[in-house]
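Observations on chain architecture
The chain contents come next:
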Amino acid sequence: MMSWLIGICTLWLLMVVVLAQRNFNVVSPQKNFNVVPAQNFNQRTGLKTDCLGSYMRLTVDKSLAFGSLVEFDAINGSQIEPITPSLATKCGFSIDSDPWGNYRVFASLLNCFAGNEDDRVFDIDMRVRVRGVKAEQDVFQVEKTCTYDQWAPREILCDRNYMEVSVNRLPGEITAMRRQPKLARDQTMFDDQWTDTVSEAITSRYNIWRMVFFTPKQKAMVLEDALKTGYGVTTTKSRLVLRSGYDMPETYVENVNGVPMKIIRVTTYFKRQWSVTMLDTVAACPTGGLSFTDEMITWYFPQFNPLMSSSKTSILGMYMGIDGKQINSAQMTARGYILTIEDSNIVMKIPIGGPDGYYKSHAVNNQYHIRYSIEAMLELLWSEGGLDATRYTVLFPIKTPLMPRPPQFVDFTDIDQRMFDVLLGPFLYDVELVNITFSTGVLTVAEANVRGFNIQEQRFQNGSKAFRLKVPFSDPFVVKTQTDLLVTVYSLPLIYGFMILPKYTPFSYTASVDVTLQDIILPTVGGTCDKEKFYITISYGNMGKNFNIMLGTRDLTPARRAEYGVKENATHMSLVVPFLAFDVAFELMYPSSLRARLDVLLWEPINKWSLSDFSLACNFPMTMTECFSNGSMSALAVKVESVPQLVPRQLTLRDPSCRPKFSNDRFAYFSFEANSCGTTRMFYDGILMYQNEITLGNGLPVYQQGKKEPTSPPDPEYRVTMSCFYTLNDTQTIAFFTKPRESEPLPETGFGELQVVLRLARDDSFNNFYVVEDYPVVQYLRSPLFFEVVLLQSTDPQIELVLENCWATLKEGRNSTPRWDLIVDGCVNLADHYQTIFHPVTPGAVPYPSHMKRFEIKMFTFVQNGVMFQDQIYVHCDAVLCDVNQNDVICKRQCPSPIPLKTGKKVRRAATNAQIQKAQLSTGKILLSAS
């Protein structure tokens, strides 16, 4: 049997647009009139059609619908089908509308209902149904003929709701079968056997035997099943067409250069008498790749897709389009569009706010936002090795994230004219002011103007608008407050009620204007901070010094004036307050700073009037937790304003017996060893963290200390967490040599407070060890080598060092070969004739026996086929730091060897707990003595 294989790998494509216009008919049966326009756009009906390459665009202007429901039908002769979402995806239609009722319908020239003449001339008939409020319906029929003869061998169309790929078929191989001469009897028998085996090859439509979907696993189905699933599959005179929705079960997502792509891969088998032909079709459409700034939209698009291109691919054309139509370079330059290639991505940049898109208002949590929308298009054409070209078109609607645009409330109030004059805006043109709520009632815009208010809508050149309101002081809606004989405050509280068209989405804006008519200039307070102090300045106004000053909760007495260095002149007063002064309130504690606030109140002592109320809060650098290299910690707890009933001396660490070393009414100071007072330890990412907490003695809220029930609302619970971090280190290589060295050894130096080292002892007393100058060490064959692995500079008895694996290599690299295991999973290698011997660490002989492991091996060399390799070895170990209380399989194990390293049940190697820290250790070269 002859077999044909045509690999159709779908690549990024460019659409070559060939437009052929034909007049269309618009018919409204209910109103019984025909319109035959002379041009492509009919102003009466608001319909417009365009042939744009491999698809047709129908535009329906909002003037046609006037807010009514608009629906579309596909027509093929007498067949009329409503374009539902599922039909649109399967048959090659997409429908989009903007908020004002303008519709765009994109119809693939290869859609299910198009008339097709030799894959060159396509007739597309549709109906537009406009359903009115009273259920009356106007029907407009649209007929359009598009000529398109620039089909690439492979074409892909990515629309908003479907992916479409069409490929050339071999002419004469898959199309209508040619008549064959009468076959010999044996050939007839062969055909009968084939038909009996795969009967669906004879009965399926389009001569398609079966289809194999890759998800990316293979999934085969016959054509009828694929159509029932919702795929669009058809053949034309020269092409195979496959169409899939983005959410079909056989599609999958792949990330290409950071851009998510929806992919459909199908192999279609065509059966004829002498052969089976396979067509591989792949479509990949982007579902992301956008980034936004305040000024620019950037769309990243992978230049090459591993599933869709080869190393010999060359780009023949790259174009940009808007609303499905290609634009030229001059148009791009005029509008600020950029299309370029950066690294491995095609990058399209679109300025936000350009004329090809539109802004829309939105209300989010009663806050005003806007969003910019634009329909971008990318067209690519390329070929592989100079052979078949591939065309790719992506229609990609873009919406920016919601951008908050709080309107500005500008006060133009004219005191001389006694008139409130305020401006609120800007807003987009789709925002309408409906009403305003005043202090005693709600008025529509028309009612407010009738009442005598002046509400005007002001338009700006960029299309935005604002609303200006004028209200006289004398109107009853204005709130008047008499503070004394000389001062009156006129207040205009406002709640603007808006609607966003066309869906009439409501939102509001609250504002208030206060005007005080007075002859007295009140004193004012200002201030700044540095790293240690508050600097307060008081301006007297025209009241002189006839007021009192309160700092915090106390008046500024003469003694405290001297304490804070008060300086005065005729118009101002200044003072300096340290942030730890009693009059300063503490708001928040941070690891390295304290947020403190100074309240300043100016008040008139006779009438008790508050003239100025000022607060200044700043963050001041302050060490709250200190970690010392000797393993001790200190922490400072502060009484904060939010817990007023706190008594610092009652604070404790996790261990209630650990109380402050010092305390007063505002502070509590703790100092303790890191392995005491309930301090916990945690290992992660090369770090050992000690952590404790400062709370009240029994961990109860403040009001529960010594009281059964609260007499007032409970204060927040007081809890301060302190942490100290120590960097773990390991010594990875130690070089030693007793003969003249060819080069100086380069040991890798560790850092931090914790170190794990592997060292070679001179004898089994483990008192003396070889130093750097002694390496490499020369030993006789089978002479003992004594090794010690030890954790240095740690005083925590809760840490245990465990040997996981040790091995010897011929070369210096720890992963080099040949290799011989000495310790496996904490146990000796039973396959070794000279097994490793573990030496126990006697308690009392060293401060922390759990921090040390010792073992002995016999000097050996590597031999292969009776030939000895170089007379040297290197020893390597993996060590683990464990918490003695944790039950990780690495830290708790039993060995079958005579001298086990740990007790418990022997287990297989497994993944370590996230808190376990490993150290990788190696020795330098150990030479075998030649004598």
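Residues numbered from 1 in each chain as written. Predicted model: local features only at pLDDT ≥ 70, side-chain atom pairs only at ≥ 80, totals over all residues. Heavy atoms only, no water.

**Description of the overall build of the chain**
A count of helical and extended segments in the chain gives eight helices and 71 strands. Taking all 931 residues of the chain together, 47% fall into the buried category. Residue pairs at least 24 apart in sequence account for 65% of intrachain contacts in the chain once pairs closer than 6 positions are excluded. When the accessible area of the chain is evaluated, it comes to approximately 45800 Å², of which 52% is carbon and sulfur surface. (Helix = DSSP H or I, 4+ residues; strand = E, 2+ residues; numbered from the N terminus. Buried < 20%, exposed > 50% of the residue type's maximum accessible area, 1.4 Å probe, protein only. Contact = heavy atoms within 4.5 Å. Areas by Shrake-Rupley, 256 points an atom, 1.4 Å probe, with all protein chains shown as cover.)

**Details of the packing of aromatic side chains**
The geometry of two aromatic rings is summed up by the distance between their centres and the angle between their planes. One pass over the full model with this rule turns up 35 aromatic pairs. Ring geometry for F473 against Y490: centres 5.0 Å apart, planes inclined by 20°, an arrangement best described as stacked. Of this pair, F473 sits in the loop between β38 (465-472) and β39 (479-482) while Y490 sits in strand β40 (residues 488-500), placing them 17 residues apart in sequence. Connected via pairs of aromatic rings, a cluster forms that spans Y368, F427, F467, Y496, F498 and F507. (Phe/Tyr/Trp six-rings, centres within 6.5 Å; stacked < 30°, edge-to-face > 60°.)

**Overview of the sheet that holds strand β51 (residues 625-627)**
What the four strands build is an open sheet, ordered β51-β52-β55-β54; its pairing is antiparallel. Both edges of this open sheet fall to β51 and β54 (662-663), since each of them pairs with a single strand only. With two bridges joining them, β54 and strand β55 (residues 667-673) adopt antiparallel strand pairing. Residue F662 lies in a different strand from β55, and its bridge partner there is Y669. (Pairing = 2+ DSSP bridges.)

**Thoughts on the state of the cysteines**
Inspection of the entire model under this criterion finds seven disulfides. Each sulfur of the disulfide joining C627 and C724 lies 1.9 Å from the other. An S-S torsion of about -90° defines the bridge between C627 and C724 as left-handed. One end of the pair, C627, is in strand β51; the other, C724, is in strand β58 (residues 719-730), and 97 residues separate them in sequence. Residue class for C627 comes out partly exposed when judged on its relative accessible area of 37%. C806 shares a disulfide with C877; S-S distance 2.0 Å. Between C806 and C877, the S-S dihedral sits near 115°, and the bridge is therefore right-handed. Separated by 71 residues along the polypeptide, C806 in strand β62 (residues 799-809) and C877 in strand β69 (residues 872-883) bring together distant segments of the chain. (Disulfide = S-S within 2.5 Å.)

**Considerations on empty space enclosed by the protein**
Tallied over the full model, the rule gives one cavity of 30 Å³ or more. If you go around the largest cavity, the residues you meet are S54, L110, W151, E155, I156, L157, E164 and S166. For the lining of the largest cavity, the elements supplying multiple residues, two or more each, are β14 (154-158) and β15 (162-168). Among the elements that make up the lining of the largest cavity, the one with the highest residue count is β14 (three residues). (1 Å grid on protein atoms, 1.4 Å probe; cavity = no way out; pocket = protein on both sides within 12 Å on 5 of 7 lines; lining within 4 Å. Points joined across faces, edges and corners; volume = space filled by probe spheres on them.)

**Here's the deal with the environment of T679**
For T679, the location among the structural elements is in the loop between β55 and β56 (680-684). In this structure the C-alpha to C-alpha distance between T679 and M689, which are ten residues apart in sequence, comes to 9.9 Å. Not counting residues within four places of it along the chain, the set of residues in contact with T679 comprises M633, R654, F672, E673, A674, Y690, Q691 and N692. Here A674 takes part through its backbone oxygen, which lies 3.5 Å from a polar atom of the side chain of T679. A polar side-chain atom of T679 sits 2.6 Å from the main-chain carbonyl oxygen of S676. (Polar contact = N/O pair within 3.5 Å; in protein donor to acceptor, adjacent residues only side chain to side chain.)

**Describing the sheet that holds strand β24 (residues 296-302)**
One open sheet holds the four strands; their spatial order is β23-β24-β28-β27, and the pairing between them is antiparallel. Since the sheet does not close on itself, it has two edges, and those belong to β23 (290-292) and β27 (338-342), each with one partner. If you compare each strand with its neighbour and ignore which way they point, the axes differ by 20° on average. Relative to β24, β23 is paired through three bridges, and the arrangement is antiparallel. Among the inter-strand pairings, F292 is bridged to a residue of β24, identified as I297. (Axes fitted to C-alpha atoms, helices over the stretch in contact; angles between N-to-C directions.)

**Structural notes on unusual backbone geometry**
In this structure, P216 follows T215 across a cis peptide bond, with omega equal to 0°. Note that P216 resides in the loop between β16 (208-214) and β17 (218-221). Cis rather than trans, the peptide bond between L501 and P502 has omega equal to 5°. Counting through the fold element by element, P502 comes out in the loop between β40 and β41 (505-517). The phi dihedral of D119 is positive, around 55°, even though this residue is not glycine. The residue D119 is located in the loop between β11 (115-117) and β12 (121-131) in this model. Since its relative accessible area comes to 4%, D119 is described here as buried.

**Focus on the pairing of strand β47 (residues 572-578)**
Consecutive side chains along a regular strand alternate between the two faces of the sheet. Alternating residues of β47 divide into M573, L575 and V577, all buried, and H572, S574, V576 and P578, none buried. Direction of pairing for strand β43 (residues 533-539) relative to β47: antiparallel, over a ladder of seven bridges. Counterpart to K533 in the pairing with β47 is P578. As paired elements, strand β46 (residues 567-568) and β47 share two bridges and run antiparallel to each other. Pairing of K567 across the sheet is with S574, part of β47.

**Considering the confidence of the model for the chain**
Residues of the chain with pLDDT of at least 70 account for 81%, and the chain-wide mean is 81. This stretch, residues 731-738, has a pLDDT under 50; its non-local contacts, to residues over four places away or in other chains, come to 44 contacts. Note on residues 745-752: pLDDT under 50 across the span, and 15 contacts to partners over four residues away in sequence or across chains. (pLDDT = per-residue confidence, 0-100.)

**So, the pattern of salt bridges**
Under the defined criterion, the tally for this structure stands at 39 salt bridges. A salt bridge links D73 to R129; its shortest N-O distance comes to 2.7 Å. Residue D73 is located in strand β7 (residues 69-76), and its partner R129 is located in strand β12; the two are separated by 56 residues in the primary sequence. Side by side, D73 and R129 carry an identical accessibility label, which is buried. Salt-bridge contacts for D149 lead to R120; the nearest nitrogen and oxygen are separated by 3.3 Å. Of this pair, D149 sits in the loop between β13 (137-147) and β14 while R120 sits in the loop between β11 and β12, and the two are 29 residues apart along the sequence. Overall, D149 belongs to the partly exposed group, its relative accessible area being 31%. Residue classification places R120 among the partly exposed residues on the basis of a relative accessible area of 43%. Residues joined in a network through salt bridges with shared partners are E71, D73, R127, R129 and R131. (Salt bridge = Lys/Arg side-chain N within 4 Å of Asp/Glu carboxyl O.)

**What about the side chain of R814?**
Within the fold, R814 resides in the loop between β62 and β63 (819-824). Among the polar contacts made by the side chain of R814, one reaches the side chain of S922 at a distance of 3.3 Å. Among all residues touching R814, those that are not within four sequence positions of it are W807, T809, R819, H876, C877, D878, Q920, L921 and S922.

**Regarding the side chain of E250**
Looking at where E250 falls in the secondary structure, it is placed in the loop between β19 (239-245) and β20 (252-256). Under the relative-accessibility criterion, E250 is labelled buried at 1%. Not counting the four nearest positions on each side in its chain, E250 is found in contact with F213, F214, T215, K219, M221, T229, Y231, I263 and I264.

**Comments concerning the nonpolar core**
Of all hydrophobic cores here, the largest spans 59 residues; its most connected members are L651, I694, V756, F787, V789 and F855. Counting residues in hydrophobic clusters, the runner-up holds 46 residues, among them M163, M221, C285 and I297. (Core = buried A, V, L, I, M, F, W, Y, C linked by side-chain atoms within 4.5 Å.)

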